[in-house]
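# Examination of the molecular architecture
Residues per chain are reported as follows:
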Amino acid sequence: MTYIAKPKFHHPSLPKNELGYTHRDYEGSVSTLCAGCGHDSITGAIIQACFELSIEPHRVAKISGIGCSSKTPTYFLGNSHGFNSVHGRMPSVLTGANLANRDLIYMGVSGDGDSASIGLGQFAHALRRGVNMVYIVENNGVYGLTKGQFSATADRGSKSKRGVINNDNAIDLVAMALQLGATFVARSFSGDKKQLVPLIRAAIEHEGAAFIDVISPCVAFNNHQGSTKSFDYVREHNEAVNRLDFITGRAQIAVEYGPGEVAIVEQHDGTKLALHKLAADYDPTDRQRAMAFLQERAAAGEIVTGLLYVDREPEDLHAHLNTVAAPLNTLGEKQLCPGAATLDKINAGLR
Ligand SMILES: Cc1ncc(C[n+]2csc(CCOP(=O)(O)OP(=O)(O)O)c2C)c(N)n1
Ligand code: SF4
Ligand SMILES: [Mg+2]
């Protein structure tokens, strides 16, 4: 993978967060993506979200697959753990790491080819198991890295750069995530940092499977007329269900919203989502309604963005499996080998 190290110096008056870190402490190497690529804006939003939440970089594990999108973890959180895995295999690598050590914040970064084509099965099982993670798909409707073939999220009837029409039906990862039981489901647009940053912050604090589909135009292969993932198309068809800000239970942050405009969604860990509702009757805690609304608006040619669904009391894979809380590498021999007497008891119970 190509990368260019960023110089360490920064302006002395850069703002600092609660830990005394600046933005620079959350950056990575210089991006080698095409200038104007939507993925770089998502990188910027992740950096901003982690800076604002005062996350210690060593507490984050960034895991990705293969693609331009999957290269991006090199460009943020340079002091975090990272693993650039195999095409479509990010979810299983992340699940394994999470099972071994639940103390880290898991950030899975993937592309539409990575998650909706070769990795569709992996995507589905990680979500249905409730792995505690932030799963971001940087969705441009093409295989950017391999020169712009349609991916499985390309809309039927959309046109490739070379003029070919896509006749296959599109997979909507948000609809799938809702059906599969993800406890936090959102969609955003790389060009809308105001919406994306609070969504990422909320997803990080959510203690379950959080999925964000981010429409992210590929300026090299999918930003022309006839594409439904171009900057112009998304701006014209964006239907935001809510305007978001995110308040952590620990640090009270003042939010500038007028009376009557905010709905507070409280999660079981005390964190709160403040929603500025555009659609008067939109309820982000109703999974069935979210699925129906998504289909309704898609039929009208709209791309719904915002927080589609959140479960206030999510359960994760560890709760389902009743696993030990301590990271596995901290367990001693005594805990790992309970002795012959215990083994005999287990064997007797199986006879
Ligand atoms: C097993 C395997 N099959 C195919 C490839 C070739 N390949 C590399 S990236 C890619 C698609 C990437 O598309 P996407 O995940 O949408 O990322 P983007 O580049 O669009 O961000 C493919 C097919 C590969 N690296 N490994
Ligand atoms: S090919 Fe497309 S997805 Fe890849 S870096 Fe360039 S603009 Fe971004
Ligand atoms: Mg892609």
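Rules used throughout
- Residues numbered from 1 in each chain as written.
- Chains lettered and ligands numbered in written order.
- Predicted model: local features only at pLDDT ≥ 70, side-chain atom pairs only at ≥ 80, totals over all residues.
- Heavy atoms only, no water.
- Helix = DSSP H or I, 4+ residues; strand = E, 2+ residues; numbered from the N terminus.
- Contact = heavy atoms within 4.5 Å.
- Areas by Shrake-Rupley, 256 points an atom, 1.4 Å probe, with all protein chains shown as cover.
- Near = heavy atom within 4 Å.
- Nonpolar A, V, L, I, M, F, W, Y, C, P; charged D, E, K, R; others polar.
- Polar contact = N/O pair within 3.5 Å; in protein donor to acceptor, adjacent residues only side chain to side chain.
- pLDDT = per-residue confidence, 0-100.
- Buried < 20%, exposed > 50% of the residue type's maximum accessible area, 1.4 Å probe, protein only.
- Salt bridge = Lys/Arg side-chain N within 4 Å of Asp/Glu carboxyl O.
- Pairing = 2+ DSSP bridges.
- Axes fitted to C-alpha atoms, helices over the stretch in contact; angles between N-to-C directions.
- Expected span 1.5 Å × (residues − 1).

## Focus on the overall build of the chain
When helices and strands are tallied, the chain shows twelve helices and 13 strands. Long-range pairs, those at least 24 residues apart, make up 71% of the contacts in the chain between residues at least 6 apart in sequence. A total accessible area of about 16,700 Å² is found for the chain, and carbon and sulfur atoms account for 52% of it.

## Focus on the site of ligand 2
Neighbouring ligand 2 are the residues Leu33, Cys34, Cys37, His39, Cys68, Asn140, Gly144, Cys218, Val219, Ala220 and Phe221. A per-class count over the shell around ligand 2 returns eight nonpolar, three polar and no charged.

## Concerning the site of ligand 1
Near ligand 1, the surroundings consist of 17 residues, among which Cys68, Ser69, Gly113, Asp114 and Gly144 are the closest. Aspartate 114 places a main-chain nitrogen or oxygen 2.8 Å from an oxygen atom of ligand 1. At 3.1 Å, a side-chain N or O of asparagine 140 approaches an oxygen atom of ligand 1. Here ligand 1 has 590 Å² of accessible area as a free molecule, and 74% of this is covered by the chains. Contributing elements (two or more residues each) for the shell around ligand 1: α2 (68-71), α4 (112-117) and β5 (142-143).

## Overview of the confidence of the model for the chain
Overall, the prediction assigns the chain a mean pLDDT of 88, with 89% of residues at 70 or greater. Here residues 250-263 scores under 50 on pLDDT; set against residues more than four positions off or in separate chains, the count is 22 contacts. Confidence drops under a pLDDT of 50 for residues 273-278, and excluding neighbours within four residues, the segment shows 39 contacts in the predicted structure.

## As for the side chain of serine 190
Along the chain, serine 190 turns up in the loop between β7 (184-189) and α7 (193-205). With residues up to four places along the chain from it excluded, the contact list for serine 190 reads Gly38, Ser41, Ile42, Val214, Ile215, Ser216, Pro217 and Phe231.

## Concerning the environment of serine 158
Tracing the backbone through its elements, the reader meets serine 158 in the loop between β6 (149-150) and α6 (173-180). On the accessibility criterion, serine 158 (5% relative accessible area) is buried. Separated by 17 residues in sequence, serine 158 and glycine 141 have C-alpha atoms that sit 9.7 Å apart. For serine 158, the contacting residues outside a window of four places in its chain are Phe150, Val164, Ile165, Asn166, Gly226 and Thr228.

## A few points about the pattern of salt bridges
Per the stated rule, a full pass over the model turns up eight salt bridges. The closest approach of N and O atoms between glutamate 52 and arginine 201, which form a salt bridge, is 2.6 Å. In this pair, glutamate 52 sits in helix α1 (residues 38-52) while arginine 201 sits in helix α7, placing the two residues 149 residues apart along the sequence. Residue class for arginine 201 comes out buried when judged on its relative accessible area of 6%. With a shortest N-O distance of 4.0 Å, glutamate 296 and arginine 297 are connected by a salt bridge. Residue classification places glutamate 296 among the partly exposed residues on the basis of a relative accessible area of 39%. Taken together, the shared-partner salt bridges connect Arg289, Glu296, Arg297 and Glu302 into one network.

## Here we look at the sheet that holds strand β8 (residues 209-215)
Sheet architecture is open: eight strands sit in the order β2-β1-β3-β4-β8-β7-β13-β9, paired in mixed fashion. Of all strands in the sheet, those bounded by a partner on one side alone are β2 (81-84) and β9 (238-240). Going from strand to strand, the sheet's axes swing by 20° on average, the running direction of each strand aside. Strand direction decides the pairing type here: strand β1 (residues 60-64) and strand β3 (residues 105-111), joined by five bridges, are parallel. Paired with serine 64 across the two strands is valine 109, which belongs to β3. In the packing of α7 onto the sheet, the strands contacted are β3, β4 (133-139), β7, β8, β9 and β13 (303-310), and the crossing angle to β7 comes to about 160°.

## Comments concerning the packing of helix α3 (residues 90-100) against helix α5 (residues 120-129)
Close contact between α3 and α5 brings their axes to 8 Å; oriented N to C, the two are set at 35°. In this structure, α3 contributes Met90, Pro91, Ser92 and Thr95 to the contact, and α5 contributes Gln122, Phe123 and Ala126. For the contact of α3 with α5, the per-class residue count stands at four nonpolar, three polar and no charged.

## Details of the environment of alanine 186
Along the chain, alanine 186 falls in strand β7. Separated by 24 residues in the primary sequence, alanine 186 and alanine 210 place their C-alpha atoms 8.2 Å from one another. Aside from chain neighbours lying at most four places away, what touches alanine 186 is Val174, Leu199, Phe211, Ile212, Asp213, Gly306, Leu307 and Leu308.

## Comments concerning α1
Taking 1.5 Å per residue, 15 residues should reach 21 Å; α1 reaches 21 Å between its end C-alpha atoms and fits that length. Within α1, eleven of the 15 residues are buried, which leaves it mostly tucked inside the rest of the structure. Burial in α1 covers these residues: Gly38, His39, Ile42, Thr43, Gly44, Ala45, Ile46, Ile47, Ala49, Cys50 and Phe51. Next to the buried residues of α1 lie α2, β3, β4, α7 and β8. Phi turns positive one or two residues past the end of α1, at serine 54, with a value near 50°.

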